[in-house]
Amino acid sequence: MTDSTNVMIRKLVRSLEKQHKPLWETTAEKLQTPSRKRWYINLYKIEKYTKPGDVVIVPGKVLGIGNLTHDVTVVALDFSKSAKEKILATGGKVMSLYDFDKLDLKGKNVRLMKQ
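Since the model is a prediction, treat every value here as computed from it, not as a measurement. (Residues numbered from 1 in each chain as written. Predicted model: local features only at pLDDT ≥ 70, side-chain atom pairs only at ≥ 80, totals over all residues. Heavy atoms only, no water.)

Trainee: Break down unusual backbone geometry for me, with residues and values.
Mentor: With a phi angle near 55°, His20 is a residue other than glycine that sits in the positive phi range. As for its placement among the helices and strands, His20 is situated in the loop between helix H1 (7-17) and helix H2 (22-31). (Helix = DSSP H or I, 4+ residues; strand = E, 2+ residues; numbered from the N terminus.)

As structure tokens, this is what we get:
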């Protein structure tokens, strides 16, 4: 598999791989795919598969289709404007995947969202 041409993505992948944890290794693997094949997750899917207080990891972009009725922390590579607004309106948090090292994850309420 070829590496991304985006220098920031390559640095992020290396940082994730250094963690030696399955969650971050899987996330790094998904980030190495071409950008046209990256995951896009809509809010209705986050709503369907999460509970209040969960942490959602998205190795791609979060889109604003659907509604969110509970607070979640969403960590993603990118967010649409409407998705960010809807997440924040419910009391949730929005974090960039580049700040993954600032998370204090225990694993119980962490979800890796797939398409």
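Trainee: Residues and numbers for the pattern of salt bridges, please.
Mentor: Enumeration according to the criterion identifies three salt bridges in this entry. A salt bridge links Asp99 to Lys102; the nearest nitrogen and oxygen atoms lie 3.8 Å apart. The exposure class of Asp99 is partly exposed, given its relative accessible area of 28%. Exposure remark for Lys102: the relative accessible area of 63% places this residue in the exposed category. (Salt bridge = Lys/Arg side-chain N within 4 Å of Asp/Glu carboxyl O. Buried < 20%, exposed > 50% of the residue type's maximum accessible area, 1.4 Å probe, protein only.)

Trainee: Give a description of the nonpolar core that names residues and reports values.
Mentor: Within soluble globular proteins, side chains that are nonpolar generally end up buried alongside one another. Residues Leu12, Leu16, Trp24, Leu31, Ile57, Val75 and Leu97 are the most contacted members of the largest nonpolar core, which totals 16 residues. Broken down by secondary-structure element, the contributors of at least two residues to this core are H1, H2, strand S2 (55-63) and strand S3 (73-79). Top element by residues in this core is H1. It accounts for four residues. Ignoring any residue separated from it by four or fewer positions in sequence, one finds Trp24 in contact with Leu16, Gln19, Ile57, Leu97, Phe100, Leu103 and Leu105. Counting 14 residues, the second-largest nonpolar core is a separate cluster that includes Ile41, Ile46, Val56 and Val58. (Core = buried A, V, L, I, M, F, W, Y, C linked by side-chain atoms within 4.5 Å. Contact = heavy atoms within 4.5 Å.)

Trainee: Got a sec to walk through the pairing of S2? Specific residues and values, please.
Mentor: Walk down a regular strand and you will see the side chains alternate between the two sheet faces. Summarising burial for S2: seven of the nine residues are buried, a large majority. What joins strand S1 (residues 39-42) to S2 is helix H3 (residues 43-49), and the crossover it makes is right-handed. In this structure, S2 lies alongside S3, joined through six bridges in parallel fashion. Looking across to S3, one finds that Val56 is bridged to Val74. (Right-handed = clockwise from strand over helix to strand, strands pointing away. Pairing = 2+ DSSP bridges.)

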